[in-house]
Amino acid sequence: MKQLNIIWLLLMILTFGTAFISGRDINYATLFIIGIAGLKFILVSFEFMELKKAHVLWKYLILGFLGGFSALLLFIV
Amino acid sequence: METVPVDSKNVYYPPGGILMWIIIFLELFTFGMALVAMVYYGSLERELFHESRLLLNASYGAVNTVFLLTSGFFMAKSVMELKRNHIEKSIRYLWATMFLGCCFLVLKGLEYSLKMEAGLDMNYNLFFTFYWALTFFHVIHVLVGLFILGITTYNLKKNPEGVELIDVEAGAAFWHMCDLIWLLLFPIIYLIF
């Protein structure tokens, strides 16, 4: 239960971090924003959806999707 | 409540069930491809997408992110309490989850009404075509998620013995999927252009 609270707190910090970065003229802001979104995606899927308890195939599938999607975005941007 | 022991490490039994995870991947793939298309067209018309993005209020998007992530947090707590057979606590967390889901919809509705008043409808330009299509499709998922959670809450209240944990986990997985999709939509639509 305590771990869920920490994950939620981390997600909030990352969300406010994204808001902070997007409002400023920072080099590689897009990279940071997509990176933070990816981290939040992993936290929600592995902790809230309990994917950490699932078979390794499901973990690779979600990480593969995220990796492919992020790479495609960064390539186009 | 039925708590048939399920080995999540088995490839056929991910938390929430294999069918739900197939749906989740199909949804993520669909939204993912649409977002890639949006970014691609944005790279062709950078100025148009940048100016259009400035017409959005990123604060609404950020607050909605907080609503959805916090509702996901309560959903995870609800499942955890259910596993401990604390049904009343689980129901309370389900109500909190649904309340925050409704907060998301109210804020989204406000945002939509402001856009309509300003004449920024789906035909305004390509950016807003993507904006309306993607966010509205997501809103429909949130509505379906709320419906599923509403039925789950009703069943837990009326007949907790008849509720199976795997069904609640499947509903929770659908709700978290709404979080995941929003985590992809928010930075791309509201922030990166």
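Residues numbered from 1 in each chain as written. Chains lettered and ligands numbered in written order. Predicted model: local features only at pLDDT ≥ 70, side-chain atom pairs only at ≥ 80, totals over all residues.

A. Representation of the overall build of chain A within the structure. Helix and strand content of chain A: 3 helices and 0 strands. Moving toward the C terminus, one meets the helices and strands of chain A in the order α-α-α. For the C-alpha atoms alone, the extent of chain A along its principal axes is close to 40 × 30 × 10 Å. Partitioning the contacts of chain A with sequence separation of at least 6, the portion at a separation of at least 24 is 50%. (Helix = DSSP H or I, 4+ residues; strand = E, 2+ residues; numbered from the N terminus. Contact = placed C-beta atoms within 7 Å.)

B. Layout of the confidence of the model for chain B. For chain B, the mean per-residue pLDDT works out to 93, and 96% of the residues sit at or above 70. As scored by the predictor, the complex reaches a pTM of 0.93 and an ipTM of 0.93. (pLDDT = per-residue confidence, 0-100.)

C. Broad picture of the interface of chain A and chain B. The interface of chain A with chain B comprises 33 residues on the first partner and 34 residues on the second. At the level of secondary structure, the elements contributing two or more residues to the side of chain A that touches chain B comprise α1 (2–22), α2 (29–48) and α3 (56–76) of chain A. Of the residues in the side of chain A that touches chain B, the class split is 24 nonpolar, 6 polar and 3 charged. (Nonpolar A, V, L, I, M, F, W, Y, C, P; charged D, E, K, R; others polar.)

D. Up close: helix α6 (residues 165–191) of chain B. Residues and elements named next belong to chain B. Taking 1.5 Å of rise per residue, the 27 residues of α6 would be expected to cover 39 Å, and the 38 Å separating its terminal C-alpha atoms lies within 8% of that figure. At Leu-185, α6 shows its largest bend, some 30°, and a proline, Pro-187, comes one to four positions later. Counting buried positions along α6 gives 24 out of 27 residues, so the element sits mostly inside the fold. (Expected span 1.5 Å × (residues − 1). Bend = angle between axes of the 7 residues up to and from the residue. Buried ≥ 20, exposed ≤ 12 C-beta atoms within 10 Å, placed from the backbone.)

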